[in-house]
Amino acid sequence: MAEIAENQEVFSIDQIEEPKDISDIVFNLMVNPNLAPVNYFNDFSEEGFDLESVANGETDDAGIFTADNGQMMAMTTHAFHHHLETDPKTAIEILISRAARRMACYGAKPEAVSAFLYHINIAHPNGQFIASGAKQGLENACKKFGIKVSDRKIRFDYFSGHGMVTPTIIVSLMGSVEDKNKVITHKLKKKGNNIFVIGKSFDDINSSEYLEFYHEVSDSPLPQFDINVEVRLQQTMKQLIEKQLISSASPVGKGGLFFSLMRAGMPAGLGFDITTDAEIRRDAFLFGESMGRLIVGVPQENEDDFVDFMQGTKLPFFTLGHVTKGEIRIDDESLGYIDKMIPNAE
């Protein structure tokens, strides 16, 4: 497998011409099934839709619930198929980090995880390589984040009738909420609130929905990732919530920063006016899925305290923009309103 990898051309972002029309990318990605939480824009049925239910409920891949004994808990499920056959250890570290980062954004503490490998033939050397690497990655990530592994093993599923199916790992992470009064969500809260990005952005579109769906490039490296940065980010998020300096928080996930903001704006029909980082390609900044980034909403009255606190963490952070009444603007270009976004007619 290593010899095959060496003979393949390694993907570089320089192979993709930097696009000039951001709106074309946005409206093309909206039909991507993997970005289903915002696909209501493409529902042309006669039935209307409830914006609140679209943004919450079953379309959101993390949830908080209260058990019968009154204990508030959280649960999130994530799947990953990229590079399990070549770098399973890093692949599952990324997956666990994504799950833990999302839970941290809700103010929940990750407690225990279970993992399931699909389409793995454990009798084949390749299957053994994947299983062994995934086990190492799972144990390392859980040690970093203080998460227990249920059953101390990864469960497997294999059925030869599937034919050639990409190996996939799925994890379910359970967490607890220590203070239900400090739980926050991804939902943008108020027009005029500031929006910040915590974490460093990169010229990285590897393994992103943008690269695979829009450019039809299915073979690229794993996204930028440093598990130690992930640990620091989640520790910082816990402090921000405890100090009540932020009103909302979202990890940069599927679809990149832009679609993460869309998911945050949908519940209240709020938009955003943002400015991209001039040192990063716009497509990478908006649609890249490099790890280690959070989006937070900060009330205007908390801005100074937030900035002072973040400067003390030594983590990079970026003033992205502010919440609008509904309009979506990027670098002074309007893309329409969040509840009625349609391509501009010529």
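The structure this text deals with has already been given above.
The sections below set out a description of the structure shown in this document. Everything quoted here is computed from the prediction, not taken from an experiment. (Residues numbered from 1 in each chain as written. Predicted model: local features only at pLDDT ≥ 70, side-chain atom pairs only at ≥ 80, totals over all residues. Heavy atoms only, no water.)

## Regarding the nonpolar core
Okay, so step 1: Counting residues in each nonpolar core, the largest one holds 39 residues, and the members touching the most others are Leu257, Phe258, Leu286 and Phe287.
Okay, so step 2: Among the secondary structure elements, those contributing two or more residues to this core are α2 (22-29), β7 (194-198), α6 (209-214), α8 (256-265), β9 (271-274), α9 (282-287), β11 (317-324) and β12 (327-330).
Okay, so step 3: In this view, Leu257 contacts Val197, Val252, Ile274, Phe285, Leu286, Gly288, Ile295 and Leu320; residues no more than four positions away in its chain are not counted.
Okay, so step 4: Within the second largest apolar cluster, 36 residues are counted, among which are Met103, Leu138, Leu173 and Met291. (Core = buried A, V, L, I, M, F, W, Y, C linked by side-chain atoms within 4.5 Å. Buried < 20%, exposed > 50% of the residue type's maximum accessible area, 1.4 Å probe, protein only. Helix = DSSP H or I, 4+ residues; strand = E, 2+ residues; numbered from the N terminus. Contact = heavy atoms within 4.5 Å.)

## Some thoughts on the packing of helix α4 (residues 88-105) against helix α5 (residues 125-145)
Okay, so step 1: Where α4 meets α5, the axes come as close as 7 Å, and the angle between the chain directions of the two elements is 35°. The two elements α4 and α5 cross, and the hand of that crossing is right-handed. Contacts from Pro88, Lys89, Ile92, Glu93, Ile96, Ser97 and Ala100 of α4 reach α5 at Phe129, Ile130, Gly133, Ala134, Gln136, Gly137, Leu138, Asn140, Ala141 and Phe145.
Okay, so step 2: Grouping the constituent residues of the contact of α4 with α5 by class yields ten nonpolar, five polar and two charged. (Axes fitted to C-alpha atoms, helices over the stretch in contact; angles between N-to-C directions. Left-handed = near helix turned anticlockwise from the far one by under 90°. Nonpolar A, V, L, I, M, F, W, Y, C, P; charged D, E, K, R; others polar.)

## So, α4
Okay, so step 1: The end-to-end C-alpha distance of α4 is 26 Å, a good match for the 26 Å that 18 residues give at a rise of 1.5 Å each.
Okay, so step 2: Burial runs high along α4: 16 of the 18 residues are buried.
Okay, so step 3: Of the residues one or two after α4, Gly107 is the one with positive phi, at around 85°. (Expected span 1.5 Å × (residues − 1).)

## Description of a negative patch on the surface
Okay, so step 1: Taken together, the side chains of Asp14, Glu17, Glu18 and Asp203 make up a negatively charged region of the molecular surface.
Okay, so step 2: Secondary-structure assignment places Asp14 in the loop between α1 (2-7) and α2. (Patch = residues over 30% accessible without salt bridge, like charges linked within 9 Å, V, L, I, M, F, W, Y side chains within 5 Å. Areas by Shrake-Rupley, 256 points an atom, 1.4 Å probe, with all protein chains shown as cover. Salt bridge = Lys/Arg side-chain N within 4 Å of Asp/Glu carboxyl O. Lys, Arg positive; Asp, Glu negative; His and termini not counted. Charge placed at Lys NZ, Arg CZ, Asp CG, Glu CD.)

## Some thoughts on the packing of aromatic side chains
Okay, so step 1: Scanning all chains against the criterion turns up eleven aromatic pairs.
Okay, so step 2: Centroid distance Phe196 to Phe317: 6.3 Å. Interplanar angle 45°. Geometry classified as tilted. With Phe196 in strand β7 and Phe317 in strand β11, the pair connects residues that are 121 residues apart, well separated along the chain.
Okay, so step 3: Aromatic side chains Phe285 and Phe318 sit 5.7 Å apart centroid to centroid with 65° between the ring planes, which places their arrangement in the edge-to-face category. (Phe/Tyr/Trp six-rings, centres within 6.5 Å; stacked < 30°, edge-to-face > 60°.)

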